[in-house]
Amino acid sequence: MRKVSVIGAHEIKWGVLKEKPLLDMVSEAANKAITDAGIDRYAIQAIFLGNAFGEILTGQATLGSATANILGIPHVPSIRFECACSSGAIALREAFLNIAHGVYDYVLVVGVEKMNTKETPQILSAIATSFDFYDQKAGIVAPAVFALYASAHMKHFGTTKEQLAMVAEKNYYNGSLNPNAHYQKQVSLEEILNAPMIAEPLGRHDCSLVTDGAAALVLGPAETAKNYNSQPINILASAIAGDYYRVANRDSYVSFASTRIAARQAYEMAGVQPQDITCAETHDCFTITEIINIEDLGFFPKGEGGRAVQDGETRLAGRIPVNASGGLKAKGHAIGATGVGQVVEAVTQLRGKAGERQIKNVELFLTHMLGGSPSISVIHIFARGY
Amino acid sequence: MSAAVLTGYKCNYCRQTYLNSSDLCGKCGSTASLFEFELPDDGSIVTFTTVWRGVDYLPQPYTLAVIDLGGEIQVLGRVKRGGQGIAINQKVRYAGKDEYGHIFELS
């Protein structure tokens, strides 16, 4: 396998972008990533795009072709990947594999989602299509899935609602330092704890945002990366694992098996240990999700994620900063774009260009996305290639 | 609401259990091997949540739980609480199903 680098990265400012057409979002992210890469667009041999709800929320499918056309390279093979929240991360992984195995040299990866096109119940219904048909009928919505995990984690490990709130408070703070974040204001613990209940024990501030966003990357072989960009970022690992789709079929509600399995694969591929990771963007669709993930990724022992958050170990100046971008909680959750946006944060941090939220001495950056019920995890590990 | 008997399906070859019938076993691929069997009425709550902002066709709030039925199978269902508290490991009994899914009540 060849080594693969990210040579260009860009994301638009995320938020509620009702006036910005979907393909304008794609065009802005992709064109600026191409500019960042310093590559001629005609050198791009394939486009891999992550998007979850194009048909349901925008009435536009076949976004691969639409993207190639709007970028002026209509004959380039351009494919859309759908795996719910991990759609963008899957597109990245497929690009990585194609370059690593010599199928293509230069691939454009795009993640895009336009969520705020309908009223909230319709948006929630769209998100619920990520779950099993019978689970949907039974009344499952995204907050309910992760509330099942929160109840179990609190029962088994004594994790508290205050610790959940501290995840949100931290990520709101980080988002306040990110000019591309959907939500850029701090929120107090008291306000988070007193928010209306959505699915017990998760309140409104325990939930990620409904965000419109787009992000793009240009990937190429590591051996020629510096011909294009003086600060390429190498992909040390790409891993993926699954889990039972129906919510009731799980062996555990305090852990995500797909995260544990993918993490093991990723660390082995990169030749590193969890304690070697400097910082991470992890899937925090709900506050409990971040707590469980930082345990399953091996950053903290099982059951101690809440304590680690309480002790500040995941804050910007902590032992392992998590979701410096603001995460899904504050930077926002533009479903199919989120996994690509995480990598834009990794590139920005590794290049030392994250401004006020810059983490010190970044060496190894891990990105992690869940998808589905959650029935899939995708993990990548990055390091400087210069 | 139908009679309170919860039917499962089991593969005669690989013993995989299902809540919904099918023409073949998804796990081993054998055909004409799934047979109906009656699942236990009594179970316990593995985990639960009360949903305040959920699907629009159910009165809110509603309580969803993963129920373990005697170690045979786990089922996602709604729990009728009747104003009572609810906890993990609490015992429940199958109460039937409606067009949306299975319903349990606290024992």
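Residues numbered from 1 in each chain as written. Chains lettered and ligands numbered in written order. Predicted model: local features only at pLDDT ≥ 70, side-chain atom pairs only at ≥ 80, totals over all residues. Heavy atoms only, no water.

**Some thoughts on the sheet that holds strand 2 (residues 17–18) of chain B**
All names here are of chain B.
Stage number 1. Pairing is antiparallel in the open sheet, where 3 strands are placed in the order 2-1-3. The sheet is open, and its two borders are formed by strand 2 and strand 3 (34–38), each paired with just one other strand.
Stage number 2. Relative to strand 3, strand 1 (residues 7–11) runs antiparallel, the two sharing 5 bridges. Within the sheet, the bridge partner assigned to Thr7 lies in strand 3 and is Glu38. (Pairing = 2+ DSSP bridges. Helix = DSSP H or I, 4+ residues; strand = E, 2+ residues; numbered from the N terminus.)

**Points about the packing of helix 4 (residues 87–100) of chain A against helix 14 (residues 335–350) of chain A**
Residues and elements named next belong to chain A.
Stage number 1. Where helix 4 contacts helix 14, the axes come no closer than 5 Å and their chain directions differ by 60°. When the interaxial angle is binned, helix 4 and helix 14 end up oblique. For the pair formed by helix 4 and helix 14, the contact residues are Ser87, Gly88, Ala89 and Leu92 on the first element and Gly336, Gly339, Val340 and Val343 on the second.
Stage number 2. Looking at the contact of helix 4 with helix 14 residue by residue, the classes come out as 4 nonpolar, 4 polar and no charged. (Axes fitted to C-alpha atoms, helices over the stretch in contact; angles between N-to-C directions. Parallel < 35°, antiparallel > 145°, perpendicular 65-115°, else oblique. Contact = heavy atoms within 4.5 Å. Nonpolar A, V, L, I, M, F, W, Y, C, P; charged D, E, K, R; others polar.)

**Brief notes about the interface of chain A and chain B**
Stage number 1. On the chain B side, the residues contacting the 25 residues of chain A number 25 residues.
Stage number 2. The contact between chain A and chain B buries some 2,100 Å² in all, and 58% of this surface belongs to carbon and sulfur atoms.
Stage number 3. Viewed at the interface, chain B and chain A are joined by 0 salt bridges.
Stage number 4. Viewed at the interface, chain B and chain A are joined by 16 residue pairs in polar contact (both at pLDDT 80 or more).
Stage number 5. For the side of chain A that touches chain B, the elements supplying multiple residues, two or more each, are helix 6 (133–138), helix 7 (142–157) and strand 5 (197–199) of chain A.
Stage number 6. No other element matches helix 7 of chain A, which puts 6 residues into the side of chain A that touches chain B.
Stage number 7. Per-class residue counts for the side of chain A that touches chain B are 15 nonpolar, 4 polar and 6 charged. (Buried area = accessible area lost by both parts, 1.4 Å probe. Salt bridge = Lys/Arg side-chain N within 4 Å of Asp/Glu carboxyl O. Polar contact = N/O pair within 3.5 Å; in protein donor to acceptor, adjacent residues only side chain to side chain.)

**Considering empty space enclosed by the protein**
Residue and element names in this part refer to chain A.
Stage number 1. Scanning the model with the defined rule gives 2 cavities of 30 Å³ or more in all.
Stage number 2. The calculated volume of the largest cavity comes to roughly 70 Å³.
Stage number 3. Taken together, Lys161, Leu164, Ala165, Ile192, Leu193, Ala195, Met197, Pro201, Leu202, Gly203 and Asp206 make up the full set of residues lining the largest cavity.
Stage number 4. Of all elements in the fold, only helix 8 (161–176), helix 9 (189–193) and strand 6 (202–203) reach the threshold of two or more residues within the lining of the largest cavity. (1 Å grid on protein atoms, 1.4 Å probe; cavity = no way out; pocket = protein on both sides within 12 Å on 5 of 7 lines; lining within 4 Å. Points joined across faces, edges and corners; volume = space filled by probe spheres on them.)

**A look at the packing of aromatic side chains**
Stage number 1. In the structure shown here, the tally under the stated rule is 12 aromatic pairs over all chains.
Stage number 2. Aromatic side chains B:Tyr94 and B:Phe104 sit 5.3 Å apart centroid to centroid with 65° between the ring planes, which places their arrangement in the edge-to-face category. Of this pair, B:Tyr94 sits in strand 7 (residues 91–97) while B:Phe104 sits in strand 8 (residues 102–106); the two residues are 10 residues apart in sequence, bridging distant segments of the chain. When sorted by exposure, B:Tyr94 lands in the same class as B:Phe104, which is buried.
Stage number 3. A:Lys331 extends its terminal NZ or CZ atom over the ring of A:Trp14, reaching a point 4.6 Å from the ring centre.
Stage number 4. Geometry around B:Phe37 places B:Lys10 over its ring, the cationic atom sitting 4.8 Å from the centre. (Phe/Tyr/Trp six-rings, centres within 6.5 Å; stacked < 30°, edge-to-face > 60°. Buried < 20%, exposed > 50% of the residue type's maximum accessible area, 1.4 Å probe, protein only. Lys NZ or Arg CZ within 6 Å of the ring centre and 35° of its normal.)

**Some thoughts on the side chain of A:Gln231**
Stage number 1. Secondary-structure assignment places A:Gln231 in the loop between strand 7 (213–221) and strand 8 (233–242).
Stage number 2. Not counting residues within four places of it along the chain, the set of residues in contact with A:Gln231 comprises A:Arg351, A:Lys353 and A:Tyr386.

**Thoughts on the sheet that holds strand 4 (residues 107–113) of chain A**
All names here are of chain A.
Stage number 1. Here we have 9 strands laid out as an open sheet, ordered 3-2-4-7-1-8-11-10-9, and mixed in their pairing. The open sheet has two free edges, formed respectively by strand 3 (78–81) and strand 9 (279–281), since each of these has just one partner strand. With strand direction ignored, the average angle separating the axes of adjacent strands in the sheet is 30°.
Stage number 2. In the sheet, strand 2 (residues 46–50) pairs with strand 4 via 5 bridges, with the strands oriented parallel. By the bridge assignment, Leu49 is partnered in strand 4 with Val110.

**Quick look at the pattern of salt bridges**
Stage number 1. Taken as a whole and assessed by the stated rule, the structure comprises 24 salt bridges over all chains.
Stage number 2. Between B:Glu105 and B:Lys80 there is a salt bridge, with its nearest N and O atoms 4.0 Å apart. Pair noted here: B:Glu105 is in strand 8 and B:Lys80 is in strand 6 (residues 73–80), with a separation of 25 residues, a long-range link.
Stage number 3. You can call B:Glu105 partly exposed: its relative accessible area is 30%.
Stage number 4. Residue class for B:Lys80 comes out partly exposed when judged on its relative accessible area of 43%.
Stage number 5. Connected through salt bridges with shared partners, the residues A:Glu304, A:Arg307, A:Asp311, A:Glu313 and A:Arg319 form a single ionic network.

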